[in-house]
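# Descriptive analysis of the structure
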Amino acid sequence: MQLGLIGLGKMGGNMRERLRRAGHTVIGYDRNPELSDAASLADLVDKLEAPRVVWVMVPAGAPTQSVVDELGDLLSPGDTVVDGGNSRWTDDEKHAAELGAKGIGFVDAGVSGGVWGLQNGYALMVGGDKEHVERLQPIFEALKPEGPYGYVHAGKVGAGHFSKMVHNGIEYAMMQAYAEGWELLEKVDSVDNVSEVFRSWQEGTVIRSWQEGTVIRSWQEGTVIRSWLLILAVNALDEDPHLDKLKGYAQDSGEGRWTVEAAIDNAVPLPAITASLFARFSSRQDDSPQMKMVAALRNQFGGHAVESKK
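Calculation criteria
- Residues numbered from 1 in each chain as written.
- Predicted model: local features only at pLDDT ≥ 70, side-chain atom pairs only at ≥ 80, totals over all residues.
- Heavy atoms only, no water.
- Helix = DSSP H or I, 4+ residues; strand = E, 2+ residues; numbered from the N terminus.
- Buried < 20%, exposed > 50% of the residue type's maximum accessible area, 1.4 Å probe, protein only.
- Contact = heavy atoms within 4.5 Å.
- Areas by Shrake-Rupley, 256 points an atom, 1.4 Å probe, with all protein chains shown as cover.
- Lys, Arg positive; Asp, Glu negative; His and termini not counted.
- Charge placed at Lys NZ, Arg CZ, Asp CG, Glu CD.
- Pairing = 2+ DSSP bridges.
- Axes fitted to C-alpha atoms, helices over the stretch in contact; angles between N-to-C directions.
- pLDDT = per-residue confidence, 0-100.
- Core = buried A, V, L, I, M, F, W, Y, C linked by side-chain atoms within 4.5 Å.
- Patch = residues over 30% accessible without salt bridge, like charges linked within 9 Å, V, L, I, M, F, W, Y side chains within 5 Å.
- Salt bridge = Lys/Arg side-chain N within 4 Å of Asp/Glu carboxyl O.
- Expected span 1.5 Å × (residues − 1).
- Arc of directions from axis to C-beta.

## Section: the overall build of the protein
- Regarding its fold elements, the protein presents 13 helices and nine strands.
- When its C-alpha atoms are laid out on the principal axes, the protein stretches across 75 × 50 × 45 Å.
- Out of the 310 residues in the protein, the part that is buried amounts to 38%.
- Sequence separation of 24 or more characterises 64% of the internal contacts of the protein that already satisfy a separation of 6 or more.
- Carbon together with sulfur atoms contributes 54% to the accessible area of the protein, which is approximately 17,800 Å² in total.
- A distance of 2 Å separates the average location of the 30 positive side-chain charges in the protein from that of its 43 negative side-chain charges.

Here's what the structure looks like:
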């Protein structure tokens, strides 16, 4: 299958390579001419055979809107645009309406895989009309991991990015839990090998069984808190056992905030995810204003000691 791919950064570039390895023809465009197969978006569209499929992998917000606007003027009825970036689901509805008025299909694809996707495949959460999604099935099959999992047609337009947003919100909470547990283990004197404690939670035995000709895998690896994130935590601790090389600062993506906002809009309690988002905000404060007030109040009502700035 032939595909136009816009945005050849860490994700887009590896996706192009994975698709080519699967036998698909990918014509990529990037603002960096050293990465690009086309001189411009217009040139990209000209190189594609109708009906065209163009996959967009650029930052959410204004950059995606700009590309969608330009594609709306360049493409023809019957063509399809896929937004595989991290756009907000409400933007998907807008883009689908704008392109649909011109006879151009639209699919939103939440993509998870990061730097490991080239070798391991990408988890894909897709939203859009059935006819547009089915047309892209060969591309989805090439990008997803081997086996029965890693791809879902989640629902109508916006469902893919909404699902990916919730996925990332859960990721926030899981990372925060590992981080809190790691800090506590590091704090006490009795535990002198935190890296190996983390490792012990993730290693174990793989048991495979067969039933009616189908392979069923039962993964008995480590404890109930095992996960891919735990494996990555062990990797990080192997490289820097006490994380001394890192500053305690963590950015947040728009998806963490959008998850909390969606929870408020739908009256769904998300205490763990919300707390993990706020914890990232606190990482940006060298001298917490809130803790100044807490210290002042403790001093006022109980005479507790305070620390003054030198």
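Moving on from the coordinates now.
## A few points about the sheet that holds strand β1 (residues 2–6)
- A sheet is described by the order of its strands in space; here seven strands give the open sequence β2-β1-β3-β4-β5-β6-β7, paired in mixed fashion. Each edge of the open sheet carries a strand with a single partner, namely β2 (25–29) and β7 (151–155). The sheet shows a mean angle of 25 degrees between the axes of neighbouring strands, direction not considered.
- Along the sheet, helix α3 (residues 62–74) contacts β1, β3 (53–56) and β4 (80–83); its crossing angle with β3, the most-contacted strand, is approximately 165 degrees.

## What to know about the confidence of the model for the protein
- Averaged over all residues, the pLDDT of the protein is 90; the fraction at 70 or higher stands at 94%.
- Within the model, pLDDT remains below 50 along residues 205–219, and this stretch shows 18 contacts once partners closer than five positions in the same chain are excluded.

## Regarding the nonpolar core
- Residues W55, F140 and L143 are the most contacted members of the largest nonpolar core, which totals 22 residues.
- Listed by contribution, the elements that provide at least two residues to this core are β1, α1 (10–21), β3, β5 (105–112), β6 (123–127) and α7 (137–143).
- Sort the elements by how many residues they give to this core and α7 lands first, with four residues.
- Of all hydrophobic cores here, the second largest spans 21 residues; its members include Y29, A38, V54 and V68.

## Some remarks on a nonpolar patch on the surface
- Together, V115, W116 and W228 line one region of the surface with nonpolar side chains, adding up to about 330 Å² of accessible area.
- Position of W228 relative to the elements: it lies in helix α10 (residues 228–239).

## Quick look at α3
- Here α3 contains 13 residues, and its C-alpha end-to-end distance of 18 Å stays within 8% of the 18 Å for a straight helix at 1.5 Å per residue.
- Residues of α3 that are buried include every one of T64, Q65, V67, V68, L71 and G72, and no others. Buried residues of α3, viewed axially, fall in a sector of 165 degrees; they line one side. In this structure, α3 carries A62 and D73 as exposed residues pointing more than 90 degrees from its buried face.
- For α3, the elements touching its buried residues are β1, α2 (41–47), β3, β4 and α4 (89–100).

## Regarding the pairing of β6
- Among the five residues that make up β6, four are buried, leaving the element largely enclosed by the rest of the structure.
- Where β5 and β6 come together, five bridges link them in antiparallel fashion. Note that in β6 the partner of S112 across the bridge is A123.
- Relative to β7, β6 is paired through four bridges, and the arrangement is parallel. Paired with V126 across the two strands is H153, which belongs to β7.

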